[in-house]
Amino acid sequence: MAEAVLRSKIAERHLSERISVDSAGTGDWHIGKVPHEGTRRILDQKGISYENMTARLVSSGDFEKFQYIVCMDNSNGVNVRKLPGGDKAELLFFMDLLPGEELREVPDPYFTGNFEQVYNLINAGCDVLLERIIKEKL
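Residues numbered from 1 in each chain as written. Predicted model: local features only at pLDDT ≥ 70, side-chain atom pairs only at ≥ 80, totals over all residues. Heavy atoms only, no water.

1. Brief notes about the overall build of the protein chain
Across its full length, the protein chain carries six helices and two strands. Relative to its length of 138 residues, the protein chain is compact, with a C-alpha radius of gyration of 14 Å against a globular reference of 14 Å. Overall, the C-alpha framework of the protein chain stretches about 35 × 35 × 35 Å when taken along its three principal axes. Out of the 138 residues belonging to the protein chain, those deemed buried represent 36%. At a minimum sequence separation of 6, the contacts of the protein chain that also span at least 24 residues come to 60%. Accessible surface, the protein chain as shown: approximately 8,300 Å² in total, 48% of it carbon and sulfur. Taken as two groups, the 17 positive and 22 negative side-chain charges of the protein chain have centres that lie 3 Å from each other. (Helix = DSSP H or I, 4+ residues; strand = E, 2+ residues; numbered from the N terminus. Rg over C-alpha atoms; globule rule 2.2 N^0.38 Å. Buried < 20%, exposed > 50% of the residue type's maximum accessible area, 1.4 Å probe, protein only. Contact = heavy atoms within 4.5 Å. Areas by Shrake-Rupley, 256 points an atom, 1.4 Å probe, with all protein chains shown as cover. Lys, Arg positive; Asp, Glu negative; His and termini not counted. Charge placed at Lys NZ, Arg CZ, Asp CG, Glu CD.)

2. Some details on the packing of helix α2 (residues 37-46) against helix α6 (residues 115-137)
The interhelical angle for the contact between α2 and α6, taken along N-to-C directions, is 60°, at an axis separation of 10 Å. With respect to α6, the axis of α2 lies oblique. By crossing handedness, the relation of α2 to α6 is classed as right-handed. Contact residues: α2 offers G38, T39, I42, Q45 and K46, while α6 offers F115, E116 and Y119. Tallied by class, residues from the contact of α2 with α6 come to three nonpolar, three polar and two charged. (Axes fitted to C-alpha atoms, helices over the stretch in contact; angles between N-to-C directions. Parallel < 35°, antiparallel > 145°, perpendicular 65-115°, else oblique. Left-handed = near helix turned anticlockwise from the far one by under 90°. Nonpolar A, V, L, I, M, F, W, Y, C, P; charged D, E, K, R; others polar.)

Right, here's the structure in full:
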């Protein structure tokens, strides 16, 4: 969901040629699959494309390719830190972008069923992240 939302925000600002976004998981159980139907449903409601998105695993190469690696929860952070080359990209925790929120991890809507809540957090956090990227990297 976050990849699709951030891509949409980047496109709205005509920055797609300057900023690339990808997403990856730390578990292999969804590799090659499209986003969950609940995610697709809310993205459809919001008019946000998820075209060509399929699940993949995070890899050491991501630290070479990207300037930021953003983790949605502590478990992801622990797994990402175990990868070689982890000092080449800045590791961020998504909820640190929203310091006014009580939650410190993005809830997994697969388990909670609350895709609207997760969309709202992701939408707000992606605004902050995009502004940070523009300010620090462009």
